[in-house]
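Chains, contacts and geometry: an overview
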Number of protein chains: 2
Amino acid sequence: MKLYETYADEMADLIRQGVLPPGARLPSVRQAKLQRKVSASTVFEAYSLLESRGLIHCRPRSGYYVNLRKGPQTLEPRTAAPATESRPVAISDLVFEVLGSSRDVGLVPLGSAFPSPKLFPLDKLAKALTPQMRGLAPAQLTGHLTAGDEQLRRQIALRYGTSGLRVEPGELVITNGAMEALNLALQAITQPGDIVVLESPTFYAALQVLERLKLRAVEVATHPRAGVDLDSLAEVLRQHPVKACWLMPQFQNPLGSLMPAEAKQALVRMLAEHQVPLIEDDVYGELYFGHHRPLPAKAFDTEGLVLHCSSFSKSLAPGYRVGWVAAGRFAQAIQRMKLMASLATAVPSQMAIAAYLETGGFDRHLRQMRLRLEDNASAALRCIAKFFPKGTKVTRPQGGYFLWVELPAHIDALDVHRRAVSAGISVAPGHLFSADQRFHHHLRLNYGFHDSAELAKALQRLGGLLCL
Amino acid sequence: MKLYETYADEMADLIRQGVLPPGARLPSVRQAKLQRKVSASTVFEAYSLLESRGLIHCRPRSGYYVNLRKGPQTLEPRTAAPATESRPVAISDLVFEVLGSSRDVGLVPLGSAFPSPKLFPLDKLAKALTPQMRGLAPAQLTGHLTAGDEQLRRQIALRYGTSGLRVEPGELVITNGAMEALNLALQAITQPGDIVVLESPTFYAALQVLERLKLRAVEVATHPRAGVDLDSLAEVLRQHPVKACWLMPQFQNPLGSLMPAEAKQALVRMLAEHQVPLIEDDVYGELYFGHHRPLPAKAFDTEGLVLHCSSFSKSLAPGYRVGWVAAGRFAQAIQRMKLMASLATAVPSQMAIAAYLETGGFDRHLRQMRLRLEDNASAALRCIAKFFPKGTKVTRPQGGYFLWVELPAHIDALDVHRRAVSAGISVAPGHLFSADQRFHHHLRLNYGFHDSAELAKALQRLGGLLCL
């Protein structure tokens, strides 16, 4: 990363945090030179970059000012109050019905769980794969494959290390995507009938896995911006014999919420007091908006009780099916589960990703992708403010590529889903995101598009349908 | 396949079946020309090939004769009589202990579950992969991936078709190796506590999966050459509320047994009467000895009750983790299970195999591999006859790459395992192959070596250890 880019990112963070509020003047070139000991050209390049990103503007003979970006006119949803009892889950039929009718590749994918595959360096991955597979020693294909390729585990451990976490390669098990990691984690910790805490709303796949494993769900109140409500969680832990929590402290699906570092620390401490393991689903962790990668809850774990699950499917290599779990004290149990469930993860996928990571291109790719997603989020919020019915509320995601939309209460999301599909657009109706289907006038919308004009057009058309 | 190869294979079959017994004279060139309407040179080339394979020899001015191959001096083991009650399984700790201490890559892999990776066309697979991944449309990576790549499913359906089975691509679900296929099949059919029928002895991974899923095992008597004993199975079905059978009718692990076609048909009919699904583990199906691929039990299924599970891991592409299940009436249930368990199978692995299959090289590779394995089996039987203790019994495998060795009863297989590992050789002790660990003086030995001299040396050394 070049110096002017670093400087621009720091300024962008200050703007985002409100330290430099709309209308504020940025440090003059002379001030910046003195304070930061950077050259005038670095400052100019940085400001020009911020200007091109729509964050600041130049007033001739006066300086650079933070744009008076009119905030979207929509309100944010409030924290939902979930049911307090635990319940068995029976959502799969509905999920399959909705996903099944959204499968047509011709649909504009506002309902998709994946960002556009065009956002990824697919050709570079393919190039990285070729020499790896041709230079492979045959024994590498049938060796000790269950935990995963050693080179890849070293690379992942290194990424943890550079973001301030200590994770040994030996603690890592490579899995067939994060989905398998989460499955193995739950199976290593729970028995059928056990109670598992989920956020409210939560990702429907978590509900499906609980259903498959015959586990009971308790949902915990979750703030659309700050994530899990710790008072609500404390109450749940008092009332129920909870065996595990499956939470997404970072860029939660569907809310896009991010728990502040102190909240994550308090969360880990609270769970340690109850000796309840935390399955931390962090598949969107690399897709933060802002300058620094926030630390996952795993960073605050001193007892090995956090199983940190992630993957490359949302950040680098969709379809390669490479995820992992850093399983703390459960590492050996997970390795055994993995051996019995699927023996090992595909070697070609692992080698391609390990080789790509070696080239060092990952961070450059991620910087571009994050900027794109953040721009798309702003554009999507503007479209929703403009085209969706009065009374619509929408989240302000802190990262990732989802918006959670609360429509006026008389609108049924399943009805919207059906009408949208007829009009060539998929959406994810809120019914899917809770065991009791309480979010019946909500939608999850995916703004991870490659073409932001297509995104805007789709939202305008969807808004038209909603206002009928 | 050239004409002379076809003719040679047909003669080899007749020799194997005893139609042409040791010492018998083969048809003269003139007879063959008349009977088969082939040219003299085709006959000469075929006989020369059989001679090079050690099956026949030429007596000057007399003709070609079947070699008086002295059969190995060892007896075959008898059908074991398993316990009649069902029992929960608790074998994983032992399996992990044994596998753990056999993990050193320096060990000669007589205990391995895989054939030597050097037996596979790895470079051709890697070459097939490159243009596929570079020409990939991004949407192929996040499309309808759960059931698997369409091109690959078509290729697999085609292989079923050419061996006389009708399987539609829509019935197939591509999985992360056969291990995942078998897991999903069991999960789609059973609930914790249910009773599942296994062979005796059976592959330890089947026991581990039953243990993981909290299922009860009943073992059924299995003949070392002809596979499942149907009288024994009928008795089990009378006595127990069986929910599923997990059987390997072809080249069973560890016995190498092959159920005759009529027995497979009777098996399928018997299970249909009880409406018990058959999970047919057919991962060694391509590794038959002889000229024709035997039909799996699935071929006799008219009710959709057979879930035929296989993979490319043992026949083409170890480490790629591509298996499948042709799931009959359970196809949709399996697809749902797959979505919840691991979402999809790695695309690069699927594309490499689909592209390789398109090239048509698979059958050529398999012919070479089968000949190699059959030669190795003969060599291994000779070594065992020569170097193992008096009283040792050993199977005559009909395909695959395992021998099942019954040592004199005073020898403890776990003790052998420990001493062998110290001497640089792994073995698979019989304890692992039954829920009640009854096979305590048995070993499973892998003859799937690339270097048959290495195989012979290892067996001689192992024999030395056993005779101490």
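As the structure is a prediction and not an experimental result, all values here were calculated from the model.

With that settled, consider the interface of chain B and chain A. Between chain B and chain A, the residue contacts involve 47 residues of the former and 47 residues of the latter. Per-element tally for the side of chain B that touches chain A: the top contributor is helix α5 (residues 122–134) of chain B, with 7 residues. Of the residues assigned to the side of chain B that touches chain A, the class counts are 26 nonpolar, 13 polar and 8 charged.

Residue and element names in this part refer to chain A. The antiparallel open sheet is built from 4 strands, whose spatial order is β12-β13-β15-β14. In this open sheet, the two edge strands, each paired with only one partner strand, are β12 (393–394) and β14 (428–429). In this sheet, strand β15 (residues 442–446) lies alongside β14 in antiparallel orientation, the contact comprising 2 bridges. Paired with A428 across the bridge in β15 is R444.

This next bit is on the environment of B:L381. Position of B:L381 relative to the elements: it lies in helix α13 (residues 362–387). Sequence-wise, B:L381 and B:F289 are 92 residues apart; in three dimensions their C-alpha atoms are separated by 15 Å.

A few words now on the relation of the copies chain B and chain A. For the pair chain B and chain A, the best superposition has an RMSD of 0.1 Å and corresponds to a rotation of 180 degrees with a translation of 0.1 Å parallel to the axis. The two molecules are tied by a two-fold rotation axis, judged by turn and shift. For chain B, the minimum C-alpha distance to the rotation axis belongs to B:T130 and amounts to 2.9 Å. Of the residues that chain B buries at the interface, 100% are likewise interface residues in chain A, meaning the two copies contact each other through the same surface.

Our focus in this paragraph is helix α14 (residues 413–422) of chain A. Side chains that are three or four residues apart share a direction in an α-helix, a result of its 3.6 residues per turn. Residue and element names in this part refer to chain A. What α14 keeps buried is the set A413, V416, H417 and A420. The buried residues of α14 occupy an angular sector of 105 degrees when the element is viewed end-on, so they sit on one face. What points out from α14, more than 90 degrees from its buried face, is the exposed set D415 and S422. Against α4 (92–101), β14, β15 and α15 (452–466) lie the buried residues of α14. Looking one or two residues past α14, G424 carries a phi angle of roughly 90 degrees, positive in sign.

Moving on, we come to the environment of B:L50. All names here are of chain B. Structurally, L50 is set in helix α3 (residues 40–52). Taking the C-alpha atoms as reference, L50 lies 35 Å from L247; in sequence the two are 197 residues apart. For L50, the contacting residues outside a window of four places in its chain are A8, M11, A12, L55 and I56.

For the rest of this paragraph, the subject is the domain arrangement of chain A. One can read the domain layout of chain A as domain 1 (3–66), domain 2 (92–96 + 102–115 + 367–466) and domain 3 (120–359). Computed from C-alpha coordinates alone, the two centres of domain 1 of chain A and domain 3 of chain A are separated by 37 Å.

Attention now moves to the nonpolar core. Counting 272 residues, the largest nonpolar core has A:A185, A:V325, A:I353, B:A185, B:V325 and B:I353 as the members making the most contacts within it. With residues near it in sequence (within four places) discarded, B:I353 still touches B:L152, B:F312, B:L316, B:A317, B:Y320 and B:V322. Grouped together as the second largest cluster of nonpolar side chains are 16 residues, A:A12, A:A46, A:L50 and A:I56 included.

With that settled, the discussion passes to helix α10 (residues 261–273) of chain B. Residues and elements named next belong to chain B. The end-to-end C-alpha distance of α10 is 19 Å, a good match for the 18 Å that 13 residues give at a rise of 1.5 Å each. Considering only its buried residues, α10 is in contact with β7 (227–228), α9 (230–239), β8 (242–247), β9 (278–281) and β10 (306–311). Positive backbone phi, at 50 degrees, marks Q275, one or two positions downstream of α10.

What counts as what
- Residues numbered from 1 in each chain as written.
- Chains lettered and ligands numbered in written order.
- Predicted model: local features only at pLDDT ≥ 70, side-chain atom pairs only at ≥ 80, totals over all residues.
- Contact = placed C-beta atoms within 7 Å.
- Helix = DSSP H or I, 4+ residues; strand = E, 2+ residues; numbered from the N terminus.
- Nonpolar A, V, L, I, M, F, W, Y, C, P; charged D, E, K, R; others polar.
- Pairing = 2+ DSSP bridges.
- Least-squares fit on C-alpha atoms with pLDDT ≥ 70 in both.
- Buried ≥ 20, exposed ≤ 12 C-beta atoms within 10 Å, placed from the backbone.
- Arc of directions from axis to C-beta.
- Domains from an automatic or database assignment.
- Core = buried A, V, L, I, M, F, W, Y, C linked by C-beta atoms within 7 Å.
- Expected span 1.5 Å × (residues − 1).

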